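Overview (structure and organization)
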Amino acid sequence: MSADIVPWPHEQPAAVRTWEAPVPLGARPALPVFPAHVFPSWLAEFVGALAEETQTPPDLAGCIALAAISTAAGGRALVTVRGTWSEPVNIYTVVAMPPGSRKSPVFRAIVSPLLAAEKLLQEQVKPQITEARIAQKVAQEAAEKATHKATTIRGEAAPAALAEAQSAAFAVDSITVPVEPRLVSDDATPETATTLLTEQGGRLAVLSAEGGIFATLAGRYSGTPNLDLFLKGHAGDLLIVDRRDRRERVDNPALTLGLAVQPEIITEIAKSPGFRGRGLLGRILYSLPASNVGFRVIEPDPIPELVSAAYAANLERLVLTMHGWTDPARLILSPEAAELFAEQRRHTEPRLRPHTGDLGHIADWAAKFDGAVARLAGLLHLAGHIEDGWRRPIDGATMAAAMELGEYFTAHALAAFDAMGADPDQEAARTVHGWLTRGRPECFTRRDAHRALQRHFKKAADLEPALDLLEHLGWIRRELDPPGTRGNPSPRYAVHPDLCQPTA
């Protein structure tokens, strides 16, 4: 026992008292499994069957399926919540799973119909591209001839020749060659993604079974973090990029992000400059499913052909149905959905309070939580009404399903930010726990802890949150002052036997 920690003879030794098993520091209740049942049947059945065939948690297929729906609809629809508040239906989602978790097969199965739809769109526009290029070439040749004539002719015919040259130049400018449609990019640099986004009318998805895009954003190639595209591409804010050769502008960018990364990436991105301070981490819907490696069925059932075909057909149909929308379709809430959403916001607000709210330490994420639920409601609505979703309001059942998804993502966000070290009370408690583990005292005072940990806690009072949390988890227990104690003694604590007993 440390020389400055004095036992209390009037007390029964802490090690022989009755103690409950302590809760592991930093542990949270088991995270919920992705609620695939909230999806329309064609999507729910595919997600379940894909998870079974690949022997992966449904969280992986579920989150990437949401990103696929966002790819189809992002930038082409808005959920009108109330007044001027509307939410675009594009989302950012990141699933963290260890190596060997079969992320790539799941990605391929989900993204393949998007690529097929992309190819079909490209085939449809090819004749228009060819026609426009020929017309542009003919117009350019005519403009060159007219310009040559205008520069050589003299006399009374000169004004008419000049007017003819100007008219020919305007004709060239009036011809626009359609851009080949793109829905999906992979590990593009922010500059390349910005150009693609501009060419595609402000709509693009970055989908990848790796997390390399985060290193790129952090400045892997440029040496300087470049987050503007991914900040504005989520919020829909005006994006202007001035370059030496051209100026790129997107009025309402809508970027979709769907990634599957290794768990350590979640910890690393919190250290990247600006990622949290500028709000990027607060825009992501996180999923941290438990690994089932070592418990997988060797010969699982394959995806039924009808289920796979229905998924591919419906996703392709959603892409083709929504792709023509240049002005976003406006989705409204039914009275029942509006009331449910209002009740959710009333429930969310106190959770954001510093110190007392369970989401206070991740307020940067939680402040966008209600908006994320509105976006999820819009995606579920469009997936459930592929042909005419814009003609009908979002109903109460769909909003309830989105709220259930929201609670799933909230639980996983708490775990993700805990892995990032976002909760200062948790970090402080770990520091005190480590000190107790090294010294193994049976009891201590707050003054004892402060003397040993002054490098971490400037004042003894700064220890209170950590001590309260350790007591709540059952690692320590506040003791009464001995009879006859005068003044204002330092609070005393008994230590759980698991910490104070010597190791074998």
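Residues numbered from 1 in each chain as written. Predicted model: local features only at pLDDT ≥ 70, side-chain atom pairs only at ≥ 80, totals over all residues. Heavy atoms only, no water.

1. As for the overall build of the protein chain
When its secondary structure is counted, the protein chain shows 17 helices and 13 strands. Its C-alpha atoms give the protein chain a radius of gyration of 30 Å, clearly above 23 Å, the size a compact globule of 504 residues would have. Seen through its C-alpha atoms, the protein chain measures out along the principal axes to roughly 115 × 55 × 45 Å. Summarising the internal contacts of the protein chain: among those between residues at least 6 apart in sequence, 77% fall at separations of at least 24. Summed over all atoms, the accessible surface of the protein chain reaches about 24,500 Å², with 53% contributed by carbon and sulfur. (Helix = DSSP H or I, 4+ residues; strand = E, 2+ residues; numbered from the N terminus. Rg over C-alpha atoms; globule rule 2.2 N^0.38 Å. Contact = heavy atoms within 4.5 Å. Areas by Shrake-Rupley, 256 points an atom, 1.4 Å probe, with all protein chains shown as cover.)

2. As for unusual backbone geometry
In this structure, Gln 55 takes a positive phi of about 55° despite not being glycine. Residues other than glycine seldom take positive phi values, yet Arg 102 does so here, at roughly 65°. Mapped onto the elements of the fold, Arg 102 is located in the loop between strand 3 (92-96) and helix 3 (103-152). Relative accessible area serves as the criterion here: at 35%, Arg 102 is assigned to the partly exposed category. (Buried < 20%, exposed > 50% of the residue type's maximum accessible area, 1.4 Å probe, protein only.)

3. Here's the deal with the sheet that holds strand 4 (residues 184-185)
If you trace the 5 strands from one edge of the open sheet to the other, you get 4-5-8-3-9, paired in parallel fashion. Looking at strand neighbours, the two that pair on one side only are strand 4 and strand 9 (284-287), the edges of this open sheet. Docked against the sheet, helix 7 (residues 228-235) engages strand 3, strand 5 (203-208) and strand 8 (254-261), running at close to 115° with respect to strand 8. (Pairing = 2+ DSSP bridges. Axes fitted to C-alpha atoms, helices over the stretch in contact; angles between N-to-C directions.)

4. Overview of the side chain of Glu 248
If you trace the backbone, Glu 248 turns up in strand 7 (residues 247-250). In terms of polar contacts, Glu 248 uses its side chain to reach the side chain of Thr 195, at 2.8 Å. (Polar contact = N/O pair within 3.5 Å; in protein donor to acceptor, adjacent residues only side chain to side chain.)

5. Remarks on the packing of aromatic side chains
Enumeration over the complete set of coordinates arrives at 14 aromatic pairs. Their ring planes at 80° and their centres at 5.2 Å tell us that Phe 34 and Tyr 408 sit as a pair that is edge-to-face. Residue Phe 34 is located in the segment before helix 1 (41-54), and its partner Tyr 408 is located in helix 13 (residues 396-419); the two are separated by 374 residues in the primary sequence. For the pair formed by Phe 34 and Tyr 408, the shared burial category is buried. Between the aromatic rings of Trp 325 and Trp 390, the centroid separation amounts to 5.2 Å while the plane-to-plane angle is 65°, which identifies the pairing as edge-to-face. Of this pair, Trp 325 sits in the loop between helix 9 (305-323) and strand 10 (329-332) while Trp 390 sits in the loop between helix 12 (369-384) and helix 13, and the two are 65 residues apart along the sequence. Taking relative accessible area as the criterion, Trp 325 reaches 25% and is therefore assigned partly exposed. Trp 390 sits in the partly exposed class, given a relative accessible area of 25%. Members of the aromatic cluster, connected to one another through ring pairs, are Phe 34, Phe 39, Tyr 408 and Phe 409. Residue placement shows Arg 477 over the ring face of Trp 19; its charged tip is 4.0 Å from the ring centre. (Phe/Tyr/Trp six-rings, centres within 6.5 Å; stacked < 30°, edge-to-face > 60°. Lys NZ or Arg CZ within 6 Å of the ring centre and 35° of its normal.)

6. Points about the sheet that holds strand 1 (residues 77-82)
Across the sheet, which stays open at both edges, the 3 strands sit in the order 2-1-10 with mixed pairing between neighbours. Each of the sheet's edge strands pairs with one partner strand only, and the pair in question is strand 2 (85-88) and strand 10. Across the sheet, the mean angle separating the axes of adjacent strands is 35° when strand polarity is ignored. As paired strands, strand 1 and strand 10 are joined by 4 bridges and run parallel to one another. Counterpart to Val 79 in the pairing with strand 10 is Leu 331. Docked against the sheet, helix 12 engages strand 1, strand 2 and strand 10, running at close to 60° with respect to strand 2.

7. Comments concerning the nonpolar core
Grouped together as the largest cluster of nonpolar side chains are 114 residues, with contacts concentrated most on Phe 39, Phe 214, Phe 230, Tyr 286, Trp 365 and Phe 409. In this structure Phe 39 touches Phe 34, Ala 44, Val 47, Gly 62, Ala 65, Leu 66 and Leu 380, once residues within four positions along its chain are discounted. Of all hydrophobic cores here, the second largest spans 21 residues; its members include Ala 429, Phe 457, Val 495 and Cys 500. (Core = buried A, V, L, I, M, F, W, Y, C linked by side-chain atoms within 4.5 Å.)

8. Remarks on the environment of Ala 419
You can see Ala 419 is positioned in helix 13. Taking the relative accessible area as the measure of exposure, Ala 419 reaches 36% and is therefore partly exposed. Measuring from C-alpha to C-alpha, the distance between Ala 419 and Thr 485 comes to 42 Å, with 66 residues separating the pair along the chain.

9. A look at the pairing of strand 1
Sheet analysis places strand 1 next to strand 2, joined by 4 bridges and oriented antiparallel. Residue pairing for strand 2: Arg 82 is matched across the bridge by Trp 85. Turn length for the strand 1-strand 2 hairpin, with the two strands adjacent in sequence and antiparallel, is 2 residues, and the turn residue Gly 83 shows positive phi of about 55°.

10. Side note on the packing of helix 2 (residues 58-73) against helix 3
Interaxial distance between helix 2 and helix 3 falls to 10 Å at its minimum, and their mutual angle equals 25°. By the angle between their directions, the pair helix 2 and helix 3 is classed as roughly parallel. Crossing geometry of helix 2 relative to helix 3 is assigned as right-handed. For the pair formed by helix 2 and helix 3, the contact residues are Leu 60, Ala 61, Ile 64, Ala 65, Ala 68 and Thr 71 on the first element and Lys 103, Val 106, Phe 107, Ile 110 and Leu 114 on the second. In terms of residue class, the contact of helix 2 with helix 3 is made up of 9 nonpolar, 1 polar and 1 charged. (Parallel < 35°, antiparallel > 145°, perpendicular 65-115°, else oblique. Left-handed = near helix turned anticlockwise from the far one by under 90°. Nonpolar A, V, L, I, M, F, W, Y, C, P; charged D, E, K, R; others polar.)

11. Some points on the pattern of salt bridges
Under the counting rule described, the total for this entry stands at 16 salt bridges. Across the pair Asp 251 and Arg 249 runs a salt bridge, and its minimum N-O distance is 2.7 Å. With a relative accessible area of 42%, Asp 251 lands in the partly exposed category. Note on Arg 249: relative accessible area 46%, which makes it partly exposed. Put simply, Arg 351 and Asp 358 hold a salt bridge, and the shortest N to O gap is 2.9 Å. The class of Arg 351 is buried, set by a relative accessible area of 13%. Asp 358 gets classed as partly exposed once you look at its relative accessible area, which sits at 37%. Salt bridges linked by common partners bring Glu 339, Glu 343 and Arg 346 together as one network. (Salt bridge = Lys/Arg side-chain N within 4 Å of Asp/Glu carboxyl O.)

None of the figures reported here should be taken as evidence of function without further support.
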